[in-house]
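Inside the fold
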Amino acid sequence: MKCPKCNTKNPEEARFCMECGMPLEKPTTTCPHCDTLNPSTAKFCLECGEKLEDIEVEEKEEESPREVEYIPPNDSASWREFCPVCNQRPLTIKTYKGILSHKTLLECDYCGAVFEPKGKKFKFKSIYDISSDIWKKYGGKTLTEEEWTRIAHGGISNEEQRQLEEKTAQNDLVNFVNALNQGTINLAPILNPPLILKKNEEACVVLSDIILMEPRAVRKTRGGYAGPTIRVAKGVSFRMGSLASQSESHEELRNIDQGTLVLTNKRLIFIGSKRTTNIDLRKIISITSYKDGIASQRENKQKTEYFTGIDHHTLTFQINGRSHTVPFTGLVMKAAIEGKIKQILNQWPSPG
């Protein structure tokens, strides 16, 4: 069979052109008795034997493409009534009978879109123009009827929706952390924190099961016997020399205590079973963030204090009318502390 579009010769049984993908429609005659499709040259129906010679085939005048206004779908909208590819014509059900089986497809007579049922989903199999954006985006994909309906009315697939939500959540988190770091927004106050607050002080972070770690010096000594060995008799020898040793020292992080970490608008407090650490935010020199915690350096304290286990908690925040729940990482804790420090500095009167 010759393709009417590119003139490529295809096998007789081919349904689509192997060069350009255009459907190869064979002239058919529908039996008025049993509705079976027969070749145009058939004089009698292949299924019931009804005479077909005197049947006149009426050609339907092709409708001009209609302009479509994009509107949100309602509960009764169906993608079959509105081709999701061209948005011009409905999809029609076409059954192709074979010797041992038959295949039912949904096709658009305007753009040539073909959809094949795959269980409860439909696969986008082909289209006239394979260079179109819709084919590049959805060609070969198997989606649900709900997704195709959404696409037909200007929407997107579930996978695209998930990716869009992830990107939006990531952008919201970046904007939230930046605003938190600048002190332009605050975390919600914590009611009944596990400590006595000072005047005009409120807690905004309470994290349990936090481990306090500090560097500790560890000394290791290595030694051995140096000198020759002299044999004087069988089984009897003397070693000449002395014992040599070498000592090295290095620092290792050690767990000091486990307890609750509290951040207020004035202090960073660690309440443990062995010690309580009270850090004035104005005394903090630097904060380093890690995935699971922070490292704090402050005035009059030589050793850095590490607070880990922060990422075992979650943070729920709202921005631009959207709500998200994310792990409470060290980056979020650092931004919260630095934001409080900037708010304190802004309250101080300028010199002069």
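Just above, that's the structure.
The shown structure was predicted, so the numbers you read here are calculated from the model rather than taken from an experiment.

**A word on the overall build of the chain**
Of the regular secondary structure elements, the chain holds 4 helices and 18 strands. As presented, the chain carries roughly 23100 Å² of accessible surface, and 49% of it is formed by carbon and sulfur atoms.

**A word on helix H2 (residues 145-152)**
Every buried residue of H2 is accounted for by Glu147, Trp148, Thr149, Ile151 and Ala152. Remark: Gly154 follows H2 within two positions and exhibits a positive phi of approximately 90°.

**Comments concerning unusual backbone geometry**
Even without a glycine there, the phi angle at Asn87 is positive, about 60°. Note on placement: Asn87 falls in the loop between strand E2 (37-39) and strand E3 (91-97). With a relative accessible area of 10%, Asn87 lands in the buried category. The backbone phi angle of Asn192 is positive, close to 55°, even though this residue is not glycine. Of note, Asn192 is situated in the loop between helix H3 (158-182) and strand E8 (203-226).

**Re the packing of aromatic side chains**
The tally for this structure, following the rule as stated, stands at 8 aromatic pairs. With a centroid separation of 5.0 Å and 80° between ring planes, the pair formed by Phe124 and Trp135 is classed as edge-to-face. Residue Phe124 is found in strand E6 (residues 121-126), and its partner Trp135 is found in helix H1 (residues 133-138); the two are separated by 11 residues along the sequence. Both rings, one in Phe124 and one in Trp148, keep their centres 6.1 Å apart while their planes meet at 85°; by these two values the pair is edge-to-face. Separated by 24 residues along the polypeptide, Phe124 in strand E6 and Trp148 in helix H2 bring together distant segments of the chain.

**So, the side chain of Thr277**
Mapped onto the secondary structure, Thr277 falls in strand E13 (residues 276-280). The buried category is assigned to Thr277, whose relative accessible area is 5%. Residues within four places of Thr277 in sequence aside, it is in contact with Leu212, Leu268, Ile269, Phe270, Arg298 and Glu305.

**Some words on the pattern of salt bridges**
Following the criterion strictly, the structure yields 18 salt bridges and no others. Among the ionic pairs, Glu116 bridges to Lys125, the shortest N-O distance being 3.2 Å. A single network of salt bridges, built from pairs that share partners, joins Glu214, Arg216, Arg275 and Lys301.

**Structural notes on H3**
Over its 25 residues, H3 extends 36 Å from the first C-alpha to the last, a length consistent with the 36 Å expected when each residue adds 1.5 Å. By the burial criterion, the buried members of H3 are Glu160, Asp172, Leu173, Phe176, Val177, Ala179, Leu180 and Asn181. Tucked into the core, H3 has its buried residues touching H1, strand E17 (314-319), strand E18 (322-327) and helix H4 (330-347). Remark: Gly183 follows H3 within two positions and exhibits a positive phi of approximately 80°.

**Section: the sheet that holds strand E7 (residues 142-144)**
A sheet is described by the order of its strands in space; here 5 strands give the open sequence E3-E4-E5-E6-E7, paired in antiparallel fashion. Both edges of this open sheet fall to E3 and E7, since each of them pairs with a single strand only. In this sheet, neighbouring strand axes are inclined to one another by 35° on average, regardless of whether the strands run parallel or antiparallel. Where E3 meets strand E4 (residues 102-108), 7 bridges bridge the pair, whose relative direction is antiparallel. Each residue of the ladder has a partner; that of Leu91, found in E4, is Cys108. Running over the sheet, H2 touches strand E5 (114-118), E6 and E7 and is turned about 90° from E7.

**Quick look at empty space enclosed by the protein**
A complete count under the given rule lists 1 cavity of 30 Å³ or more for this structure. Its boundaries defined by the atoms lining it, the largest cavity holds a volume of some 40 Å³. The wall of the largest cavity is formed by Leu180, Gly183, Ile185, Asn186, Leu187, Ala335, Ala336, Gly339, Lys340 and Gln343. Ranked by the residues each element gives to the lining of the largest cavity, the list is headed by H4, at 5 residues. Broken down by class, the residue content of the lining of the largest cavity amounts to 5 nonpolar, 4 polar and 1 charged.

**Regarding the environment of Ile294**
Mapping Ile294 onto the fold places it in strand E15 (residues 293-298). On the accessibility criterion, Ile294 (1% relative accessible area) is buried. Between the C-alpha atom of Ile294 and that of Thr329, which follows or precedes it by 35 residues, the distance is 8.8 Å. Residue contacts for Ile294: discarding those within four places in its chain leaves Ile287, Thr288, Ser289, Glu305, Tyr306, Phe307, Ile310, Gly330, Met333, Lys334 and Ile337.

Rules and cut-offs
Residue positions are given per chain, counted from 1 along the sequence in the order it is written. Only residues with pLDDT of 70 or above have their local features reported here, since the model is predicted, and side-chain atom pairs are shown and tallied only from 80 upward, although totals for entire chains, interfaces and linings are computed over all residues. Note: side-chain values were computed over all heavy atoms of the structure, leaving out hydrogens and water. Secondary structure elements are defined from DSSP: runs of H or I of at least 4 residues count as helices, runs of E of at least 2 residues count as strands, and each element is numbered from the N terminus. Note that accessible areas follow from Shrake-Rupley with a 1.4 Å probe, and for residues the cover is restricted to the protein chains shown. Only protein chains enter the accessibility calculation, which uses a 1.4 Å probe. A residue is then buried if its area is under 20% of the maximum for its type, exposed if over 50%, and partly exposed in between. Note on ring pairs: Phe, Tyr and Trp rings are taken, using the six-membered ring of Trp, and paired if centres are within 6.5 Å. Classes follow the plane angle, with under 30 degrees stacked, over 60 edge-to-face and the rest tilted. By definition in these notes, contact holds between two residues if any of their heavy atoms fall within 4.5 Å. We define a salt bridge as a contact between a side-chain nitrogen of Lys or Arg and a carboxyl oxygen of Asp or Glu at a distance within 4 Å. What a helix is expected to span follows from its residue count: subtract one and scale by 1.5 Å. The pairing criterion is simple: DSSP has to find at least two bridges between the two strands. Here the axes come from fitting lines to C-alpha atoms, over the contacting stretch only for helices, and the angles between their N-to-C directions go from 0 to 180 degrees. Cavities and pockets were defined on a 1 Å grid built from protein atoms only: a cavity is a group of points that admits a 1.4 Å probe but offers it no way out, a pocket is an open group of points flanked by protein on both sides within 12 Å along at least five of seven lines, and a lining residue is one with an atom within 4 Å of any such point. Grid points are joined across faces, edges and corners, and a volume is the space filled by probe spheres set on the points. Only Asp, Glu, Lys and Arg are considered charged, only Ala, Val, Leu, Ile, Met, Phe, Trp, Tyr, Cys and Pro nonpolar, and every remaining residue, Gly among them, polar.

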